[in-house]
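Fold and geometry: a report
Listed below are the residues making up each chain.
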Amino acid sequence: MDCAVALQEVRGSDRVVAARQQYVARGVSTPPLVVDRAEGARVWDVDGREYVDFAGGLGCQNTGHGLPAAVAAIHEQVDRYLHQCFMVGMYEPYIDVCRRLAELSPCSGDEQRSILVNSGAEAVENAVKIARAATGRPAVIVFDGSFHGRTLLTMTMTSKLTYRRGFGPFAPEIYHAPAPYPYRGTTTNDAIAGLEELFLREVDPESVACVVLEPVQGEGGFVVMPEDFPRALKEICERHGILYVDDEVQSGVGRTGPVWAIERYGVQPDLLVSGKSLGGGLPLAAVTGNAEVMDAPAPGGLGGTFGGNPAACAAACVVLDEVATPEFRARSEELGAHLRERLDALAERIPQIGEVRGIGPMLALELVHDRESKRPAPELAKATTTGALERGLILLSCGLHGNVVRILVPLVASDDELNRGLEILEEALGGAAG
Ligand SMILES: Cc1ncc(COP(=O)(O)O)c(C=O)c1O
């Protein structure tokens, strides 16, 4: 048989999966989905199957796949120039993103400045560098359940072994403190007490440069920080001259309703880290904050060849304008209320749903064997995401045990798309729960 005919007889996705196995390292975990195109909240695979997308390319499509105005801005930019390196020749799209980030910044201080980089991990690394330069102190405090990235420093800051196993030795001067996890009994008071103990046992607060906290933990299981925790933490920071870094790589850019989740807490961080949806699908991340802190590193201390790519910046200007509109927020809140109602109703029928949690449309289900023991049920989460994909819904799990099913639907989803996705989620979870 001739080779072309043989290839045609194999499903497109099977061919790609076989090539993936041959050429791509196994350390990058992949589902059995091969994407052909995407639009809004829908994805099509290379075999022509349509999916509702509740993952958004891992939280990078808050404004939907192919937001038309962003795509047009990218096209326009691509025709002018693709790359300059901001350190070789400045260009306005970079500065335009920084101006928008300044206008939208939740951070303390009148003047706000930013730097642009390529990934969330790179942005977290830079936030730590800036905090160290500004305070002259080495230590960094992170929290149980956190995820900050996969580089050496950020995996050390991440509290799950899957991301660290075999990759040591780890970066020094990183200290892990307890985080509130109300469903599993850790309160704000417990977490603050744990932090105070850390100051007695392991690290002098006067040598701490910054704390880094996600207001809603992403990979950690969509654990929402209780209303009083960021404020209590900020007070401790102020007492000891520690900077408060707000990691909003997953919770930001409109994911919870407001542009930044921290706005819901009425706390002003010193530095904000953003990424994921910022570039509308192109790689872009940022550190934003108080000019005095941001200007601590000397010229040459920050930067990178590709940081703030012009096409990504062109998209980010459109994305930031879009998520800052009252209409976008109103639709996100509406979407969140609708999702919450349906998930709460589902929890009444399925006893393995231990908790429905989240804020706005950033919602998740923590799955357990039973509500009394709260024993995590990762196999149920796996069966649910697998069953969902087979039925046409892209869905992700998260959490220390992998037992949390999370929803990162593009916030432009129509009611029909949302309802279709929820129906499939119900079928997949209901079927797997038995
Ligand atoms: C809160 C948070 N910080 C940092 C990162 C790292 O971002 P990236 O994967 O772009 O390096 C992530 C990624 O999931 C994240 O959720």
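I will try to describe carefully the structure that is included in this document. Keep in mind it's a predicted model, so treat the numbers as computed, not measured. (Residues numbered from 1 in each chain as written. Predicted model: local features only at pLDDT ≥ 70, side-chain atom pairs only at ≥ 80, totals over all residues. Heavy atoms only, no water.)

**What to know about the overall build of the chain**
Put simply, the test is: Secondary structure is summarised from DSSP: a helix means a run of H or I of at least four residues, a strand means a run of E of at least two, and numbering begins at the N terminus for each. A radius of gyration in this sense is built from C-alpha atoms; the matching globule rule multiplies 2.2 Å by the number of residues raised to 0.38. For every residue, the accessible area obtained with a 1.4 Å probe (protein chains only) is divided by the maximum for its type, and the residue is called buried under 20%, exposed over 50%, and partly exposed between those limits. Under the convention used here, a 1.4 Å probe and the Shrake-Rupley method define accessible areas, while residue burial counts only the protein chains that appear.
Summing up its helical and strand segments, the chain has 14 helices and 15 strands in all. Taking 22 Å as the expected radius of gyration for a compact globule of 434 residues, we find that the chain reaches 22 Å, a close match to that expectation. C-alpha extents for the chain along the principal axes are approximately 70 × 60 × 45 Å. Per-residue burial over the chain gives 54% buried out of 434 residues. Accessible area for the chain stands at about 18,900 Å²; split by element, carbon and sulfur atoms hold 53% of it.

**Things to note about the pattern of salt bridges**
Condition: Any carboxyl oxygen of Asp or Glu within 4 Å of a side-chain nitrogen of Lys or Arg constitutes a salt bridge here.
Overall, the coordinates contain 26 salt bridges when judged by the stated rule. Arg 331 is paired through a salt bridge with Asp 415; the nearest N and O atoms lie 3.1 Å apart. One end of the pair, Arg 331, is in helix α12 (residues 326-349); the other, Asp 415, is in helix α14 (residues 415-433), with 84 residues separating them in the sequence. The partly exposed category is assigned to Arg 331, whose relative accessible area is 21%. Here the residues in one salt-bridge network are Arg 184, Glu 355, Arg 357 and Glu 366, joined through shared partners.

**Topic: the side chain of Asn 62**
For clarity, the cut-off: Pairs of N or O atoms within 3.5 Å make up the polar contacts considered here, provided that, within protein, one atom can donate a hydrogen while the other can accept it, and that residues adjacent in sequence are counted only when both atoms are side-chain atoms. Contacts are assigned to residue pairs with any non-hydrogen atoms lying within 4.5 Å of each other.
Here Asn 62 shows up in the loop between α3 (56-59) and α4 (68-80). Taking relative accessible area as the criterion, Asn 62 reaches 1% and is therefore assigned buried. At 2.9 Å, the side chain of Asn 62 forms a polar contact with the backbone oxygen of Val 253. What Asn 62 contacts, discounting residues up to four positions off in sequence, is Gly 252, Val 253, Gly 254, Arg 255, Ser 277, Phe 328, Pro 410, Leu 411 and Val 412.

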